[in-house]
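# Working through the structure, step by step
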2 protein chains.
Amino acid sequence: MRDAYHEELDTIGDGLVEMARLVGSAIGRATTALLDADLNIAESVIASDEKVDSLQRELENRAITLLARQQPVATDLRIVVTSLRMSADLERSGDLARHVAKLARLRFPVSAVPNDLHSTILEMGQLAQRLMAKAAEVIVSKDIDDAMQLEADDDRMDELHRALFQHLLDDRWKHGIETAVDVTLVGRYYERFADHAVSVAKRVIYLVTGEHADELSPAPTPVEGA
Amino acid sequence: MRDAYHEELDTIGDGLVEMARLVGSAIGRATTALLDADLNIAESVIASDEKVDSLQRELENRAITLLARQQPVATDLRIVVTSLRMSADLERSGDLARHVAKLARLRFPVSAVPNDLHSTILEMGQLAQRLMAKAAEVIVSKDIDDAMQLEADDDRMDELHRALFQHLLDDRWKHGIETAVDVTLVGRYYERFADHAVSVAKRVIYLVTGEHADELSPAPTPVEGA
C-alpha cells in the first residue's frame, strides 16, 4: 500500500505523463494543420496549449507543497526537483507546437510549406510526435536503455533539419523570402521540440542513476555549426 | 551575522548574478563578432559558454544539497526553487549568445548581417545586453518596480523584431535566401535571449511577492502572430 506521500509523488508523475501526451498530440495536430492548411485544427492546438500551461502550474504547486511539507531527501528529493525541470521542458514543447499552429493559421488558406518540402516537414512532425510519445513511456517505465535510445533517434531530426536548409539554400529555390523565413522558423521549432523530448528522457536517466547525462545542448543547425 | 545556512543562500544568489553578468557580456561580444565579422571575439564567446554551464551545474548542486540538508520551508524554499529556475534561464541565454557567435564564425570573413540591417541588429544586441544587466541588478536589489520595468523595455525588442521581418519581406530585399535565413535565426536568438532576461526578473517578482507574474510566454513574432 502506498502512503499519502508516495501517492502525491505518483500524482506528480501522472501529471508529467499527461503533459507529455498532450504536447505530443499537439505537435502531431499542428503538423497536420500546417501541411493541410487546416484552420480548425490550428485553432484547436492553440487553444489546447492553455491546458498544458495549467497542468504545469498545478504540478509545480504540488511539487513545492510536497517539498515544504514532507521535506524529502535523497531519491525522493531528486524526483521532485527533476519533475519540476521536466514540466518546464514539456510546457516549452507545448509553446513550440503552438508556434507551428500559429504559423498555419497566419498563412491560411494556403499552406506555409511548399509542396517540395511537405515530406520533409511531415517526417519532422511525425518524428517529433514519436520522440515525445517515447519520452512519456520512459517517464513511466524508467527504462534507461529506452531513454538513451531517444538521443540516437534525435540524430534523424538533425539530418532532416540539415536537409531542410540544403533545400532552402539550393539555387533552384523558387518560393521567395517569406516562405524561406517560415520554413526556417518551423524547422527550428521542430528541432527544439525534439530537444526537449530528449531532455525529458535524459532527466529520467538522472533520476534513476543519479548521474547527469551529458549536458543537453541543442544540436547545431547547419547555419550555426560549420 | 549570517549563519552558515544563509551564507549558502547568499552564495547561490552570487552565482546567479555572476551567470547573468557572463551571459550579458557574451551577447554584447557576440553582437560585435557578428557585425564586425570578428573571428577572435566569436571564438571567445563560444569558449566562455562553458564557464556559464559549469557555474550552472555548481549552483544546482548547491541548491539541491541545501534542500536535502536544511529542508527549508516558506520563503527560503521559494528562494531555492526559484534560483534553480533562474539558473536554467541564464544557462539557456548563454546558449543563445553562443549561437549568435557561431553564426559569426560560420560566415567569417564576411558579416552575416547586411549593411542595411546593421543598426537594427546592433540595437537588438545592445538591448539584449542591457536587459540582462538590469536582470542582474534586480537579482541583487529585489526591486519590484525595476523588475516590472524589464517587461516594458522588452516591448522595444518586439518592435525591432517586427522591423527586421518587415525588412526581410520587403520586395526590395536583395540579399538572397541564405542571408534571409541567417537574419531570421539571429532575430529569433535575440528575442529569446530577451525573453529569458524578462523571465529572470519575473521570477524575482515571484520571490518577493509569492505571486507569479503572468506566465511568461515568448512574444509572438510577426510570422507567428497575425
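Parameters and conventions
Once a new chain begins, its residue numbering starts again from 1 and follows that chain's sequence as written. For this description, chains carry letters from A and ligands carry numbers from 1, given in the order in which they are written. Local features in this predicted model are restricted to residues whose pLDDT is 70 or higher, and side-chain atom pairs enter the listing and the counts only when it is 80 or higher, whereas totals over whole chains, interfaces and linings include all residues. In computing side-chain values, all of the structure's heavy atoms are included and hydrogens and water are not. Within this document, salt bridges are pairs made up of a side-chain nitrogen of Lys or Arg and a carboxyl oxygen of Asp or Glu, the two lying within 4 Å of each other. Under the DSSP-based scheme used, a helix requires at least four consecutive residues in state H or I and a strand at least two consecutive residues in state E, with every element numbered from the N terminus. Accessibility here uses a 1.4 Å probe with only protein chains present; expressed as a share of the type maximum, an area under 20% marks a residue as buried, one over 50% as exposed, and anything in between as partly exposed. UniProt positions are given in the numbering used here, feature names are shortened, and annotations may be inferred rather than shown by experiment. Expected span, for any helix, means 1.5 Å times one less than how many residues it has. Here a polar contact means two N or O atoms within 3.5 Å. Within protein one must be a hydrogen donor candidate and the other an acceptor candidate, and residues neighboring in sequence count only if both atoms are side-chain atoms. Here the copies are superposed with least squares, the fitted atoms being C-alpha atoms of residues at a pLDDT of at least 70 in both. In this analysis, two residues are considered to be in contact whenever any of their non-hydrogen atoms come within 4.5 Å of each other. Put simply, two rings from Phe, Tyr or Trp (the six-membered ring, in Trp's case) pair if the centres are within 6.5 Å, and we call them stacked under 30 degrees between planes, edge-to-face over 60, tilted for the rest. Working rule: Lys NZ or Arg CZ, within 6 Å of ring centre, within 35 degrees of ring normal, means a charge sits over the ring. As a working definition, buried area equals the accessible area (1.4 Å probe) given up by two parts on being put together, with both sides summed. Here the term charged refers only to Asp, Glu, Lys and Arg, the term nonpolar to Ala, Val, Leu, Ile, Met, Phe, Trp, Tyr, Cys and Pro, and the term polar to all other amino acids, Gly among them.

### What about the pattern of salt bridges?
All names here are of chain A.
- The tally for this structure, following the rule as stated, stands at 32 salt bridges over all chains.
- Notably, a salt bridge pairs Asp49 with Arg98, separated by 2.7 Å at the nearest N-O pair. Of this pair, Asp49 sits in helix H2 (residues 39-70) while Arg98 sits in helix H3 (residues 74-107), and the two are 49 residues apart along the sequence. For the pair Asp49 and Arg98, one class covers both residues: buried.

### A word on the UniProt feature "domain: PhoU" (unreviewed entry) in chain A
All names here are of chain A.
- As recorded in UniProt, the sites labelled "domain: PhoU" (unreviewed entry) are residues 16-103 and 121-204.
- Spanning residues 16-103, this segment combines 94% helix with 0% strand, and its end C-alpha atoms are found 27 Å apart.
- Taken end to end, residues 121-204 has its terminal C-alpha atoms 28 Å apart, with 90% of it in helix and 0% in strand.

### Digging into helix H2 (residues 39-70) of chain B
Residue and element names in this part refer to chain B.
- Taking 1.5 Å per residue as the helical rise, H2 with its 32 residues ought to reach 46 Å, and the 47 Å between its terminal C-alpha atoms agrees with that figure.
- Two or three places before Asn40, at the opening of H2, Asp38 has a side-chain oxygen 3.1 Å from that residue's backbone nitrogen.
- A positive backbone phi angle near 45 degrees is found at Gln71, which sits one or two residues after H2.

### Focus: the relation of the copies chain B and chain A
- With an RMSD of 0.0 Å, chain B superimposes on chain A once it is rotated by 180 degrees and translated 0.0 Å along the axis. Accordingly, the operation relating the two chain copies is best matched by a two-fold axis. When C-alpha distances to the rotation axis are compared across chain B, the minimum falls at B:Gln71, with a value of 2.8 Å.
- Residue by residue, 98% of the interface of chain B is reproduced at the interface of chain A, so both copies engage with the same surface.

### Side note on helix H3 (residues 74-107) of chain B
- Along its 34 residues, H3(B) runs 51 Å from first to last C-alpha, staying within 8% of the 50 Å computed at 1.5 Å per residue.
- Counting buried positions over the 34 residues of H3(B) gives 26, a clear majority of the element.

### A closer look at the packing of aromatic side chains
- Inspection of the entire model under this criterion finds zero aromatic pairs over all chains.
- Looking at A:Arg78, its charged tip hangs above the ring of A:Tyr206, at a distance of 5.8 Å from the centre.

### Here we look at the interface of chain B and chain A
- The interface is formed by 46 residues belonging to chain B together with 45 residues belonging to chain A.
- Contact between chain B and chain A buries roughly 4,000 Å² in total, counting both sides, with carbon and sulfur atoms accounting for 63%.
- Applying the counting criterion to the chain B and chain A interface returns two salt bridges.
- Residue B:Arg85 pairs with A:Glu60 through a salt bridge whose shortest N-O separation is 3.0 Å.
- Linking chain B with chain A are three residue pairs in polar contact (both at pLDDT 80 or more).
- At the level of secondary structure, the elements contributing two or more residues to the side of chain B that touches chain A comprise H2, H3, helix H5 (144-169) and helix H6 (176-209) of chain B.
- A class-by-class count of the residues in the side of chain B that touches chain A yields 24 nonpolar, eight polar and 14 charged.

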